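Residues per chain, in single letters:
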Amino acid sequence: MADLQINLAGIQSPNPFWLASAPPTNSGYQVQRAFEAGWGGAVWKTLGEPILNVSSRFAAVSYNGQRVAGFNNIELITDRPLEVNLQEIYETKKKFPNHAIIASLMVEPKQEKWHEIVKRVEDVGVDGLELNFGCPHGMAERGMGSASGQVPELVEKQTYWVKEAARTPVIVKLTPNITDITVTAEAATRGGADAISMINTINSLAGVDLNTWNTVPHVAGKGAHGGYCGPAVKPIALNMVAECARNPLVNVPISGIGGISNWQDAAEFILMGATGVQVCTAAMHHGFSIVEDMIDGLNNYLDDKGLASVMDLVGRSVLRYSNWGDLDLNYKIVAEINNDICINCNKCHIACEDTSHQCIDLYTEDGRPMLKVREEDCVGCNLCSIVCPVESAITMVERKSTIPPMTWNQRQALISSLAK
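Residues numbered from 1 in each chain as written. Predicted model: local features only at pLDDT ≥ 70, side-chain atom pairs only at ≥ 80, totals over all residues. Heavy atoms only, no water.

1. Here we look at the overall build of the protein
Counting its secondary structure elements, the protein contains 13 helices and 20 strands. Considered along the principal axes of its C-alpha atoms, the protein spans approximately 80 × 65 × 45 Å. Within the protein, counting contacts between residues at least 6 apart in sequence, those at least 24 apart form 72% of the total. Of the roughly 20200 Å² that the protein leaves accessible, carbon and sulfur atoms contribute 52%. Of the charged side chains in the protein, 33 are positive and 46 negative, and the gap between their average positions amounts to 4 Å. (Helix = DSSP H or I, 4+ residues; strand = E, 2+ residues; numbered from the N terminus. Contact = heavy atoms within 4.5 Å. Areas by Shrake-Rupley, 256 points an atom, 1.4 Å probe, with all protein chains shown as cover. Lys, Arg positive; Asp, Glu negative; His and termini not counted. Charge placed at Lys NZ, Arg CZ, Asp CG, Glu CD.)

Below is the structure:
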């Protein structure tokens, strides 16, 4: 059995699965239940000056029969007194000394405010701090959250202020509501961050009720933008983690967040550079016990790969992530259709004929409808295999090219040299 222990910027955890700062980590009762279920760590629901929340505050986007494909919320940081949270953090850490407890913090962008809250939370024994520069609603209108996280200078300055006072590792949580997340990741690194976490939620509106015309959710007939998370945001989050992991100016560990629902999702984030992962929506959907399958699945995967530790998996795919201009223009794959298992739904033919490269032919053999790909016209776009409802009925097969590999960048460099 592989070793699932992680070390994220000096923060030890029995496994890479943490609960993200969110409703599941709102109280000591919940965090202790989570640790009993097997979670390795928890980022406490964001602490600051207690606020007032509204009702209702959650909404979900379901798609094609899947419940909670995406999740939207307009909930703010903790609405419980700081003293109560601190007492429960102290009690939880005392009861679970080997589990990671991270305090998520958000205060006004003032040096003295950061120094004050850092001292108070560190005095109760937290293992680290996470600066919430990502909340896109409610707190942002007050100059905090993503209002700070979208300004690199504020990210750097506030991180520096926290580092002035902090004795524990500092994680900076980044907002995805920005053109290039590496800019703020670099700013956090310059400010002295020991690690970064991403992504926080994405600006969103879950929907509109076509009967009442109210937004979903609504508060007495009024709505506001919220934060979007859940499985639907995973590709966005994975890309942002990858971009930061391959950026030499962001040379700090990453805690991956965004749509992680099972051990496979977690493994992908770890391969793309995350040391550990944080989970929220999946726990809200299915409960804390989902971590059992995550632990078992990741353990089995590491054993199958012959890896002794999950830390050996971190970043193994980063070097395979590049820019479009570095891709081989002469690499060739084509689609192959297995007519023995094809159910003749013709989805591949329709998709190719209407929206791709018209390279799938329909014909009849011994009275039976058949499909065949004209390889000379196939560009290997994958669309047919994506829309096919039958596993392995269409496979994408590599064809050896007679032309040497060449990228767009190499091609342009060659053209430039020949022009001289």
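Having seen the model, we can carry on.
2. What to know about the nonpolar core
Ranked by size, the top nonpolar core spans 87 residues in total, and within it Trp39, Leu47, Leu129, Ile196 and Met198 carry the most contacts. Element by element, the count of residues in this core is highest for helix α10 (residues 290–304), at 7 residues. Those residues in contact with Ile196 that lie beyond four places of it in its chain are Ile171, Val172, Leu174, Ala185, Ala188, Cys244, Val250, Val252, Pro253, Ile254 and Ser255. Membership of the second largest hydrophobic core comes to 15 residues, among which are Cys348, Cys359, Cys384 and Ile394. (Core = buried A, V, L, I, M, F, W, Y, C linked by side-chain atoms within 4.5 Å. Buried < 20%, exposed > 50% of the residue type's maximum accessible area, 1.4 Å probe, protein only.)

3. Brief notes about empty space enclosed by the protein
Summed over all chains, the structure comprises 3 cavities of 30 Å³ or more. As a volume, the largest cavity reaches approximately 460 Å³. Every residue lining the largest cavity is counted, 36 residues in all, and those nearest its centre are Ser21, Ala22, Asn73, Asn200 and Thr201. Among the secondary structure elements, those contributing two or more residues to the lining of the largest cavity are β4 (41–47), β6 (66–73), β14 (226–229), β16 (274–279) and α9 (281–286). No other element matches α9, which puts 3 residues into the lining of the largest cavity. Looking at the lining of the largest cavity residue by residue, the classes come out as 20 nonpolar, 13 polar and 3 charged. (1 Å grid on protein atoms, 1.4 Å probe; cavity = no way out; pocket = protein on both sides within 12 Å on 5 of 7 lines; lining within 4 Å. Points joined across faces, edges and corners; volume = space filled by probe spheres on them. Nonpolar A, V, L, I, M, F, W, Y, C, P; charged D, E, K, R; others polar.)

Any functional reading would require information beyond the geometric quantities listed.
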